[in-house]
Amino acid sequence: MTTTLKDQLRADLTTAIKGRDELRTAALRMALTAITNEEVAGVAARALSDTETVTVLTREVKKRREAAEAFEGAGRAEQASRERAEGEVLSSYLPAQLSDEEVNAIVAEAIAQTGAVGPKSMGVVMKVVTPKIAGRADGRRVAAAVKAALG
C-alpha cells in the first residue's frame with residue numbers, strides 16, 4: 001500500500017509527540033486540521049489527493065509567512081520567529097521549489113504558447129502557468145515573473 005502525504009503527516013505527528021517536539025507537533029496538528037477541514041467542506045466529505053493536500057499545505061505555509069510579517073511589523077519578534085519555524089516545518093512536506101530560472105522558462109513557454117502580448121494578457125498566461133507550477137513556486141513570484149515578461 002502506498003502512503004499518502006496525509007498518512008506521512010500523521011506518522012510524523014506521532015513521532016513528534018513521542019519526541020516531545022512541541023513546535024513540530026503544533027505545526028503538524030494545525031496542518032492536519034486544515035486538511036480535515038478541507039475534506040469535510042462542501043456538499044459531501046471526501047479524501048483529498050496528494051495534489052490537493054499539497055495545495056492546502058502551500059496555503060498554510062503562506063499563512064505562516066504572512067503572520068510572521070504581521071508580527072514582525074508589530075514588533076513581536078518572538079511570535080514572528082515561531083510562525084517562520086512552523087512554516088519551515090510545513091515547507092519540508094512540499095515539493096522542491098522552482099528556481100527563478102525555471103519559473104522564467106515556464107513563463108516564457110506559456111507566453112509563446114498563448115501568443116500573449118502586453119500586461120492585459122497576464123490572466124491568460126497565468127491560467128497556463130498555474131497548473132505547471134502548482135505548489136512548487138509562490139504565486140507572488142510567478143505573477144511578478146509574468147508581469148516582467150509581458151511588461
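Residues numbered from 1 in each chain as written. Predicted model: local features only at pLDDT ≥ 70, side-chain atom pairs only at ≥ 80, totals over all residues. Heavy atoms only, no water.

1. With respect to the environment of R20
Next, step 1: If you trace the backbone, R20 turns up in the loop between α1 (5–18) and α2 (22–40).
Next, step 2: The exposure class of R20 is exposed, given its relative accessible area of 76%.
Next, step 3: Sequence separation between R20 and R59 is 39 residues, and the spatial gap between their C-alpha atoms is 26 Å. (Helix = DSSP H or I, 4+ residues; strand = E, 2+ residues; numbered from the N terminus. Buried < 20%, exposed > 50% of the residue type's maximum accessible area, 1.4 Å probe, protein only.)

2. Here's the deal with α2
Next, step 1: Over its 19 residues, α2 runs 27 Å from end to end, which matches the ideal 27 Å to within 8%, given 1.5 Å per residue.
Next, step 2: Those residues of α2 not exposed but buried are T25, A26, A27, L28, A31, L32, A34, I35 and E39.
Next, step 3: Tucked into the core, α2 has its buried residues touching α1, α3 (50–73) and α4 (77–91).
Next, step 4: Phi turns positive one or two residues past the end of α2, at G42, with a value near 95 degrees. (Expected span 1.5 Å × (residues − 1). Contact = heavy atoms within 4.5 Å.)

3. Considerations on the packing of helix α5 (residues 100–114) against helix α6 (residues 122–133)
Next, step 1: For the pair α5 and α6, interaxial distance at closest approach is 9 Å and the crossing angle is 135 degrees. The orientation of α5 with respect to α6, classified from their angle, is oblique. α5 and α6 meet at a crossing whose hand is right-handed. For the pair formed by α5 and α6, the contact residues are I106, V107, E109, A110, I111, Q113 and T114 on the first element and V124, V125, V128, V129, K132 and I133 on the second.
Next, step 2: Of the residues in the contact of α5 with α6, the class split is 9 nonpolar, 2 polar and 2 charged. (Axes fitted to C-alpha atoms, helices over the stretch in contact; angles between N-to-C directions. Parallel < 35°, antiparallel > 145°, perpendicular 65-115°, else oblique. Left-handed = near helix turned anticlockwise from the far one by under 90°. Nonpolar A, V, L, I, M, F, W, Y, C, P; charged D, E, K, R; others polar.)

Honestly, it's all geometry; don't read function into it.
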